[in-house]
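Listed below, chain by chain, are the residues.
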Amino acid sequence: MPLEVLVDSSRQRPAGSFDEFSAYPPIADYAFLSDCEVTALVAPSGSVEWMCLPKMDGPSVFGAMLDRDAGWFRFGPDDVSVPSDRRYLPGTMVLETSWDCGEGWLVVRECLVMGPWQHDHPDGSTHIRPPTDYDAEHMLLRTVRCVDGQAQLTLDCVPAFDYGRQHAKWQHTERGYTQAVVEPEGLDLTLTLTSDIRLGLEGSSARGRTLLKEGDTRFCALSWGRRIPESYADAYRRLVWTAHHWQHWLAHGRFPDHRWRGHLARSALTLKGLTFAPTGAIAAAATTSLPETPGGERNWDYRYTWMRDATFALWGLYTLGFEWEANDYVAFLRDLVERDRGDLQIVYGIDGRRELDEHVLDHLNGYQGARPVRIGNGAYQQAQHDVWGVILDSIYLHTKSRDRLDDRVWKMARQQVERALERWREPDRGIWEVRGEPKHFTSSKMMCWVAADRGARLATLREDKDLARSWRKAADEIHADICANALDDRGVFCQHYETTALDASLLLMPLLRFLPPDDPRIRATVMAIADELTEDGLVLRYQVDETDDGLSGEEGTFTICSFWLVSALTEIGEHQQARDICEKILSYASPLLLYGEEIDPRSGRQLGNFPQAFTHLALINAVMHVIRKEQAAHRQAMGREVPEGEA
């Protein structure tokens, strides 16, 4: 059935307000699917409302999440839109939805299919990283079983190509009513819809309906590749294969036996799902332009890979034991450094492309009327000085996990240290990519210090004593400059050299070992942020009225910053407060344990692009900080010795 617009979504609502009668589901109610090349978001109604092809940062085919007329694919009961239950099959990215249809019960399972490796020659694949035994089959698969009584099932597939700008007509194939294809003009893309439900074609819509009785099964598969299921049994086999793939992958991780294990496992699966397997890049999020402020203009395209995420990605992946993914990400970074001769920008396409020109899609109304809707991200042209420190800390973490530092990685490290030392005295736009005037941001200076500090350690490992001595001297100079210019009268580190405003990015100081956790300045900074830069215990990036970010309106609390606060409080010994805040943030998880970028402290609703890699990375680090402290305290209470550094 078509999605109905219940409100005039073109009407711009005041920033900070929600429309109680919106046709759009809350952001947190979407389920996330992935085959590590394509992602999809599924509304509770059973409608796929966001999917881009042929990769996760390509043009949308289903875009109803940003405009109710921009394409959808619903598969579910005819007269029920609110399910009784939704979950992932344990340890997987296979979604199961249960429906109470009055006279009967339906159970729908769906996934983006993973199958066995299928490429005989590299010319037929875009994979750069070492292939595994699994590969994306380029298929969205949906199955249904009637487990009791009877219920009417409907299928409604209405693609709208190129972000809703192009509709195309379905055509039946030689298989008759059970298969149809659509080929949009000017796009190198063919969609094939295959089902054991008879399909009726009405222009751009392919529809089917059937009555299911107890024990009946049906399937439908939307393919953009060569593999197509022949029957329900074949579809079921592919779904089981996909579930086993995810469970086998998750089994390689190391997870503590703790009540928060489920959050860690879902975060790991989400990060894997946001990883673009052909290159190893991790997309910041699956979506574009989900608003940071309801009805506001802070709407950005996050389907790209940010250099700032690298350190946090490696922290999380190495902590949970996913060395292969961490190594693939380092290889992706190394490829960029070599290709661009060390001149790195802050964000790239997931395939490594440099140009991400930003455009506004005026024809889309936006999620709950939040406009503009943007594709591309102009931040790729910004100067952000944290990039060099991020790369060096990533290399340092990578090197600690092995017994050598090979020449290619060392060359990359040298290039980035030299860039940092050339530029660290200049202003930039900071970690938050403000669109106001460049400033001497403290966090950017700190990351330049990280570049020199980690570079000196790596030079020592290489037994290059002269270079190690030179870089250590430079690191000390940057360190002294920050301590001389970034502190206020209270001994609190501030956002940049010309202000007393606070900034949540400075919670990274103890995590990056800029100063020891017991240093009074670190403690004062962490506690000031906890007391003055929070709303209802959740952390803001900064106060918008104190920061020239080039935008108007308010924004919600940034969930990554709240998790940083947990980690920082743990570092300075405030264990109880850290655990309490961690419990609180975990309580805001979506029903499927997913997180967007922000949380509205008044309503608890999630805001911003979804799901957000940066948030899940910070969750892993924060939760592991708290768990380790709990485990250490337990061992001490039981009279067992705590190994040095484990607490």
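Residues numbered from 1 in each chain as written. Predicted model: local features only at pLDDT ≥ 70, side-chain atom pairs only at ≥ 80, totals over all residues. Heavy atoms only, no water.

Applying the stated criterion across every chain, the model contains 45 salt bridges. The closest approach of N and O atoms between Arg165 and Asp162, which form a salt bridge, is 3.1 Å. On the basis of relative accessible area, Arg165 is assigned to the partly exposed category, the value being 45%. Overall, Asp162 belongs to the partly exposed group, its relative accessible area being 24%. The residue Asp453 makes a salt bridge to Arg457 at a minimum N-O spacing of 3.1 Å. Linking Asp453 with Arg457, this pair stays in helix α8 (residues 442-461), spanning 4 residues, or about one helical turn. A residue is classified by how much of its surface remains accessible, and Asp453, at 3% relative accessible area, is buried. One connected set of salt bridges, linked through shared partners, spans Glu137, Arg227, Asp234, Arg237 and Arg238. (Salt bridge = Lys/Arg side-chain N within 4 Å of Asp/Glu carboxyl O. Buried < 20%, exposed > 50% of the residue type's maximum accessible area, 1.4 Å probe, protein only. Helix = DSSP H or I, 4+ residues; strand = E, 2+ residues; numbered from the N terminus.)

So, on to the packing of aromatic side chains. Inspection of every chain in the model, using the stated rule, returns 18 aromatic pairs. An aromatic cluster is present here, built from Phe312, Trp315, Trp432, Phe558, Trp564 and Phe614 joined pairwise through their rings. Directly above the aromatic system of Tyr24 lies the positively charged group of Arg68, at a separation of 4.7 Å from the ring centroid. (Phe/Tyr/Trp six-rings, centres within 6.5 Å; stacked < 30°, edge-to-face > 60°. Lys NZ or Arg CZ within 6 Å of the ring centre and 35° of its normal.)

Attention now moves to the environment of Asp234. For Asp234, the position within the fold is in helix α2 (residues 232-251). Classification of Asp234 by relative accessible area gives buried; the value is 12%. Along the chain, Asp234 and Ala618 lie 384 residues apart, while their C-alpha atoms are 40 Å from each other. Not counting chain neighbours up to four residues away, the residues in contact with Asp234 comprise Ile228 and Pro229. (Contact = heavy atoms within 4.5 Å.)

A few words on empty space enclosed by the protein. One pass over the structure, following the stated rule, counts 6 cavities of 30 Å³ or more. Quantified by volume, the largest cavity comes out at close to 230 Å³. Residue lining of the largest cavity: 21 residues in total, with Trp300, Tyr302, Trp432, Glu433 and Arg541 positioned closest to the centre. For the lining of the largest cavity, the residue count by class is 10 nonpolar, 3 polar and 8 charged. Lining of the second largest cavity is provided by 13 residues; of these, Trp432, Phe441, Ser443, Asp503 and Ser505 occupy positions nearest its centre. (1 Å grid on protein atoms, 1.4 Å probe; cavity = no way out; pocket = protein on both sides within 12 Å on 5 of 7 lines; lining within 4 Å. Points joined across faces, edges and corners; volume = space filled by probe spheres on them. Nonpolar A, V, L, I, M, F, W, Y, C, P; charged D, E, K, R; others polar.)

Let us now look at the nonpolar core. Counting 196 residues, the largest nonpolar core has Met51, Phe73, Leu191, Leu222 and Trp564 as the members making the most contacts within it. For Leu222, the contacting residues outside a window of four places in its chain are Met51, Phe62, Phe73, His138, Met139, Leu140, Cys157, Trp170, Leu191, Thr192 and Leu193. Counting 12 residues, the second-largest nonpolar core is a separate cluster that includes Leu89, Cys111, Val113 and Tyr232. (Core = buried A, V, L, I, M, F, W, Y, C linked by side-chain atoms within 4.5 Å.)

Here strand β9 (residues 134-158) runs beside strand β14 (residues 205-213); their pairing, made up of 8 bridges, is antiparallel. Residue pairing for β14: Leu155 is matched across the bridge by Gly208. Sheet topology note: the strand β13 (residues 200-202)/β14 ladder contains 3 bridges and is antiparallel. Counterpart to Gly200 in the pairing with β14 is Arg207. Taking the residues between adjacent antiparallel strands as the criterion, β13 and β14 are bridged by 2 residues, where Gly203 takes a positive phi near 65°. (Pairing = 2+ DSSP bridges.)

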